[in-house]
Amino acid sequence: MAKHRIACLPGDGVGPEVIMATKNVLEKLGDKNDFVIEYRDFPNGAEHYLKTGEILSDSTLREIGKCDAILLGALGDPRVKPGILEKGILLKIRFAFDQFINHRPVRFFPGVATPISSAGRENLSLDFVRENTEDFYVGLGRRFSGKKDKTEMRLDRRNYSMEFKIKVEVEGENESAYQIGIISRSGAKRVIKYAFDLARRKEKRKLTGVDKANVITEMYGLWRDAFHEVELLYPDVETEFAYVDAVAMNLIRIPERYSVLVTPNLFGDILTDLGAGIQGSLGLSPSGNINPDGVSMFEPVHGSAPDIAGKGIANPIAALLAAEMMLTRIGEKKASEDLDRAIHFVLAERRKRTPDIGGNSKTDEVAAAIIEKLT
Ligand code: ATP
């Protein structure tokens, strides 16, 4: 019997509720498909931070690194300043395990009302592949006031390091700020390659490269060059470039135009929420932070949802779809397909669904209905 070690961080708010439901479903899938999951649970999140002052220690990171994958619930609490947990846990894990791909599927599910018409789009299948470690997220920036400012900044990455010596002289005392974005050819190529491989496996073999190369010419010009270089290896995949603003509009007007979209970090952050939005509920959107040769992390796109936490009504499907992605990555493809089928069944039936998609069922009732479909 196969055994998988999973690091589990339920986190805050509805996080523990959807993770509990997910663990129950995974247990049943394991019984049926002859595998067991051994969890290493970690308490990191807002509550743990407020109690102990610890966000995520290096020794915890080392423990997580011994696992096959990471399953995360949600992070965030009104009592903790925004950014502390995101930077201290999410970004720290992404960088530590070089999870350079953020893969977010967008699907229209049967019987779920969507804010744009789903008529004729029942089989809509979009996959966003967002670069996850570069661009404006590398953490190089500074605010300054006064006429002169001098600073040195360093960026260390697995394949390169950069040192910046910046000297600024301005007229007057206008407070200013700058943020440096970095794109490397190797960083762009590896994520674009993942996107091409994904496009090749889909029915609609098309990859859209998203950027803003007409204005941010240096960074996204290099992004395009990297795309062209990789493109030569995939003559069987149809390609196009699109500016991020046009993609935002078309995702509402004609989403079926797309299949796989590969984007730099910042634009991907924004577009993937738009993608989640057209699906009908945040409670249906999963996300995989992937390193194909390392430890990947799977999570629902939604946050801790403090407004409904503790009520037992959070939709567990986003977390379950994240678990579905995790199962594929750890080699349990059959279980992943079983889970997908069961989720579709339960949604199509419309009997058990949480309030965010128009029902009145509880989190655990939806999980139980999905388990029932697995037998
Ligand atoms: P963050 O900044 O961490 O993303 P947020 O408050 O912007 O947090 P969410 O916590 O995801 O975003 O909540 C946004 C809205 O979506 C809330 O009204 C919340 O109740 C709803 N929501 C989020 N997740 C779920 C879920 N699993 N089931 C039902 N509703 C959800």
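Residues numbered from 1 in each chain as written. Predicted model: local features only at pLDDT ≥ 70, side-chain atom pairs only at ≥ 80, totals over all residues. Heavy atoms only, no water.

J.: Even after reading the chapter, I still don't get the pattern of salt bridges, so can you show me in this structure?
T.: A pair can form between side chains of opposite charge whenever their charged atoms are brought close. Evaluated as defined, the whole model comprises 33 salt bridges. Where Lys-92 meets Asp-58, a salt bridge forms, and the shortest distance between an N and an O atom there is 3.4 Å. On the criterion of sequence distance, the pair formed by Lys-92 in helix α4 (residues 84–96) and Asp-58 in helix α3 (residues 58–64) is long-range, its members being 34 residues apart. Arg-154 is paired through a salt bridge with Glu-163; the nearest N and O atoms lie 2.6 Å apart. A residue is classified by how much of its surface remains accessible, and Arg-154, at 45% relative accessible area, is partly exposed. In this structure, a network of salt bridges that share partners links the residues Lys-32, Lys-334, Asp-338 and Arg-341. (Salt bridge = Lys/Arg side-chain N within 4 Å of Asp/Glu carboxyl O. Helix = DSSP H or I, 4+ residues; strand = E, 2+ residues; numbered from the N terminus. Buried < 20%, exposed > 50% of the residue type's maximum accessible area, 1.4 Å probe, protein only.)

J.: Is there a simple way to explain the site of the ligand in this structure?
T.: Around the ligand, the structure places Leu-75, Leu-282, Gly-283, His-302, Gly-303, Ser-304, Ala-305, Asp-307, Ile-308, Ala-314, Asn-315 and Asp-356. Interatomic distance of 3.2 Å between a side-chain N/O atom of His-302 and a nitrogen atom of the ligand. Interatomic distance of 2.9 Å between a side-chain N/O atom of Asp-307 and an oxygen atom of the ligand. Taking 610 Å² as the accessible area of the ligand by itself, protein coverage stands at 61%. (Near = heavy atom within 4 Å. Polar contact = N/O pair within 3.5 Å; in protein donor to acceptor, adjacent residues only side chain to side chain. Areas by Shrake-Rupley, 256 points an atom, 1.4 Å probe, with all protein chains shown as cover.)

J.: How should I be thinking about the domain arrangement of the protein chain in this particular structure?
T.: Interface size is commonly expressed as the accessible area that is lost once the parts come together. Partitioning the protein chain into domains gives domain 1 (1–114 + 284–375), domain 2 (136–181) and domain 3 (183–278). Put simply, the middle of domain 1 and the middle of domain 3, counted by C-alpha atoms, are 26 Å apart. The interface is formed by 13 residues belonging to domain 1 together with nine residues belonging to domain 3. Across the domain 1/domain 3 interface, buried area totals approximately 1,000 Å², and carbon plus sulfur atoms make up 60% of it. We note a salt bridge from Arg-104 to Asp-273, for which the minimum N-O separation is 3.3 Å. Counting the contacts that link domain 1 with domain 3 gives four residue pairs in polar contact (both at pLDDT 80 or more). Among the elements that line the side of domain 1 that touches domain 3, the one with the most residues is strand β4 (residues 101–107), at four residues. (Domains from an automatic or database assignment. Contact = heavy atoms within 4.5 Å. Buried area = accessible area lost by both parts, 1.4 Å probe.)

J.: Mind showing me how you'd approach empty space enclosed by the protein here?
T.: Any space left empty among the atoms is revealed by the rolling of a water-sized probe across them. One pass over the full model with this rule turns up one cavity of 30 Å³ or more. Of the volumes computed, that of the largest cavity is approximately 30 Å³. Lining the largest cavity are Glu-131, Glu-134, Asp-135, Ile-183, Trp-223, Pro-264 and Asn-265. The residue makeup of the lining of the largest cavity, split by class, is three nonpolar, one polar and three charged. (1 Å grid on protein atoms, 1.4 Å probe; cavity = no way out; pocket = protein on both sides within 12 Å on 5 of 7 lines; lining within 4 Å. Points joined across faces, edges and corners; volume = space filled by probe spheres on them. Nonpolar A, V, L, I, M, F, W, Y, C, P; charged D, E, K, R; others polar.)

J.: Where do I start with the layout of surface pockets in this structure?
T.: By volume, the largest pocket amounts to about 1,200 Å³. As for the largest pocket, its lining consists of 37 residues, and the residues nearest its centre are Pro-105, Arg-107, Ser-125, Asp-127 and Glu-324. Elements with a minimum of two residues in the lining of the largest pocket: β4, β5 (125–131), α5 (185–201), β13 (286–290), α9 (317–329) and α10 (333–349). A class-by-class count of the residues in the lining of the largest pocket yields 14 nonpolar, nine polar and 14 charged. Residue-level mapping places the lining of the largest pocket at the junction of two domains, with at least three residues from each of domain 1 (1–114 + 284–375) and domain 3 (183–278). Estimated volume of the second largest pocket: approximately 590 Å³.

J.: What is the right way to read the side chain of Glu-332 from this model?
T.: Mapped onto the elements of the fold, Glu-332 is located in the loop between α9 and α10. Buried and unpaired, Glu-332 has no salt bridge, with Lys-334 as the nearest side chain of opposite charge at 8.9 Å. A distance of 2.8 Å separates the side chain of Glu-332 from the side chain of His-4, its partner in a polar contact. The contact partners of Glu-332, leaving out residues within four places of it in the chain, are Ala-2, His-4, Asn-33, Phe-35 and Leu-327. (Lys, Arg positive; Asp, Glu negative; His and termini not counted.)

J.: I would appreciate a short explanation of the sheet that holds strand β11 (residues 238–243) in the present structure.
T.: Each strand in a sheet pairs with its neighbour through backbone hydrogen bonds, running either in the same direction (parallel) or in the opposite one (antiparallel). What the ten strands build is an open sheet, ordered β2-β1-β3-β14-β13-β4-β5-β12-β10-β11; its pairing is mixed. Across the chains shown, the open sheet's two edge strands, defined by having one partner strand only, are β2 (35–41) and β11. Between one strand and the next, the sheet's axes are offset by a mean angle of 25°, whatever the strand orientation. Here five bridges tie strand β1 (residues 2–11) to strand β3 (residues 69–74), and the two strands are oriented parallel to one another. Within β3, the residue paired with Ile-6 across the bridge is Ala-69. Across the sheet, helix α1 (residues 15–33) lies against β1, β2 and β3, angled at about 155° from β2, the strand it touches most. (Pairing = 2+ DSSP bridges. Axes fitted to C-alpha atoms, helices over the stretch in contact; angles between N-to-C directions.)

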